[in-house]
Amino acid sequence: MMRRLVWMVALVLVAVPVSAGAVEVKSSVSASGKPHFEASEKVTAEATVLSINKAKRLVKLGTAEGDTVEVECGEEVKNFAQIKVKDVVTVTYTEKLTIEVEGPGEAGATAEANVQAAKPGEKPKGEVSAKIQYKANITAIDKAKGTVTLKGADGREATITPRNPANLDKVKVGDLVVFTYEEAVAASVTKAGPKSATK
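Just so we're clear, the structure is a prediction, and the values are computed from it rather than from any experiment.

Rules behind the numbers
- Residues numbered from 1 in each chain as written.
- Predicted model: local features only at pLDDT ≥ 70, side-chain atom pairs only at ≥ 80, totals over all residues.
- Heavy atoms only, no water.
- Helix = DSSP H or I, 4+ residues; strand = E, 2+ residues; numbered from the N terminus.
- Buried < 20%, exposed > 50% of the residue type's maximum accessible area, 1.4 Å probe, protein only.
- Contact = heavy atoms within 4.5 Å.
- Areas by Shrake-Rupley, 256 points an atom, 1.4 Å probe, with all protein chains shown as cover.
- Core = buried A, V, L, I, M, F, W, Y, C linked by side-chain atoms within 4.5 Å.
- 1 Å grid on protein atoms, 1.4 Å probe; cavity = no way out; pocket = protein on both sides within 12 Å on 5 of 7 lines; lining within 4 Å.
- Points joined across faces, edges and corners; volume = space filled by probe spheres on them.
- Nonpolar A, V, L, I, M, F, W, Y, C, P; charged D, E, K, R; others polar.
- Polar contact = N/O pair within 3.5 Å; in protein donor to acceptor, adjacent residues only side chain to side chain.
- Pairing = 2+ DSSP bridges.
- pLDDT = per-residue confidence, 0-100.

(A) The arrangement of the overall build of the protein in detail. From N to C terminus, the protein includes one helix and eleven strands. Moving toward the C terminus, one meets the helices and strands of the protein in the order α-β-β-β-β-β-β-β-β-β-β-β. Scored against the burial criterion, the 199 residues of the protein give a buried share of 34%. Considering only contacts within the protein whose residues lie at least 6 apart along the sequence, 68% involve residues at least 24 apart. Surface summary for the protein: the accessible area is close to 11700 Å², and the carbon and sulfur share equals 53%.

(B) The arrangement of the nonpolar core in detail. Membership of the largest hydrophobic core comes to 16 residues, with the highest contact counts inside it found for Val49, Val59, Leu61 and Val89. Among the secondary structure elements, those contributing two or more residues to this core are strand S3 (35-53), strand S4 (58-62), strand S5 (68-72), strand S6 (88-104) and strand S11 (175-190). The next biggest cluster of nonpolar side chains, apart from the first, holds eight residues, and it includes Ala136, Ile138, Leu150 and Val177.

(C) Region of interest: the environment of glutamine 82. Tracing the sequence through the fold places glutamine 82 in the loop between S5 and S6. Residues glutamine 82 and lysine 123, spaced 41 residues apart in sequence, show a C-alpha to C-alpha distance of 5.4 Å.

(D) Fine view of the layout of surface pockets. What the largest pocket holds in volume is close to 470 Å³. Looking at the largest pocket, it is lined by 22 residues, and the ones nearest its centre are Pro35, Ile99, Pro162, Arg163 and Asn167. Taken together, the elements giving at least two residues each to the lining of the largest pocket come down to strand S2 (24-29), S3, S6, strand S9 (147-151) and S11. Its residues assigned to classes, the lining of the largest pocket shows 14 nonpolar, six polar and two charged.

(E) Molecular detail of the side chain of threonine 180. Along the chain, threonine 180 turns up in strand S11. A polar side-chain atom of threonine 180 sits 2.9 Å from a polar atom in the side chain of glutamine 133. Those residues in contact with threonine 180, other than ones at most four positions away along the chain, are Lys96, Leu97, Thr98, Lys131, Ile132 and Gln133.

(F) Looking closely at the pairing of strand S10 (residues 157-160). Here four bridges tie S9 to S10, and the two strands are oriented antiparallel to one another. Paired with valine 148 across the bridge in S10 is isoleucine 160. Counted along the chain from S9 to the antiparallel partner S10, the turn is five residues long, and its residue glycine 155 has a positive phi close to 90°.

(G) Inspection of the pairing of S5 at higher detail. Every second residue of S5 is oriented toward a common face, the buried set being Val69 and Val71 and the non-buried set Thr68, Glu70 and Glu72. The pairing of S4 with S5 spans five bridges and is antiparallel. Bridging from a neighbouring strand, valine 59 pairs with valine 71 of S5. The turn joining S4 and S5, which pair antiparallel and follow one another in sequence, is formed by five residues; a positive phi near 95° is taken by glycine 66.

(H) Structural context of the confidence of the model for the protein. When pLDDT is averaged along the protein, the result is 83; 85% of the residues meet or exceed 70. Looking across the protein, the model is least confident in helix H1 (residues 3-15), with a mean pLDDT of 44, and most confident in S9, with 95. In this model, residues 1-18 is a region of pLDDT below 50 whose contacts with residues beyond four sequence positions or in other chains number 52 contacts. In this model, residues 195-199 is a region of pLDDT below 50 whose contacts with residues beyond four sequence positions or in other chains number 13 contacts.

Quick look at the structure:
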């Protein structure tokens, strides 16, 4: 949901113990023989609606461990009236970093964001996601030091040390290194069932 949802999600993530998997890391070689690297993580948190102040649009959330937090739901939170006591609020945060090497290309940077909200009549839910991509050219390779120098579209340079020195043999000056960072925060309210945060 809109900006208020983001604040709601932030509060829940701070207040609720999370069940998080370990960071997943993958290193491989693309079809063109260039290095490819991925790292991702997903964190999920749950809380139960303890009370609702409809006049002030306040919702009090509680965890199985007894922690509580009160959240103000602005007009941006669609279908507020659908929230009921004992409903379960689930928040999922995901992030992913991809680094891949392409052939010669043009350096640059892009950013995009997307917001999704609940439809009329549904329980409140929403997702806020963002994607940032940065492309830099390889300007120098020093195999003795195990480093590679990158230059972005803004002219700034940075020298980095690849995790796998053998990857230096798979790239060349002029290649384009593409860094893509994606993150998303999704929150949903569901009717209490057999399993809930208070169980």
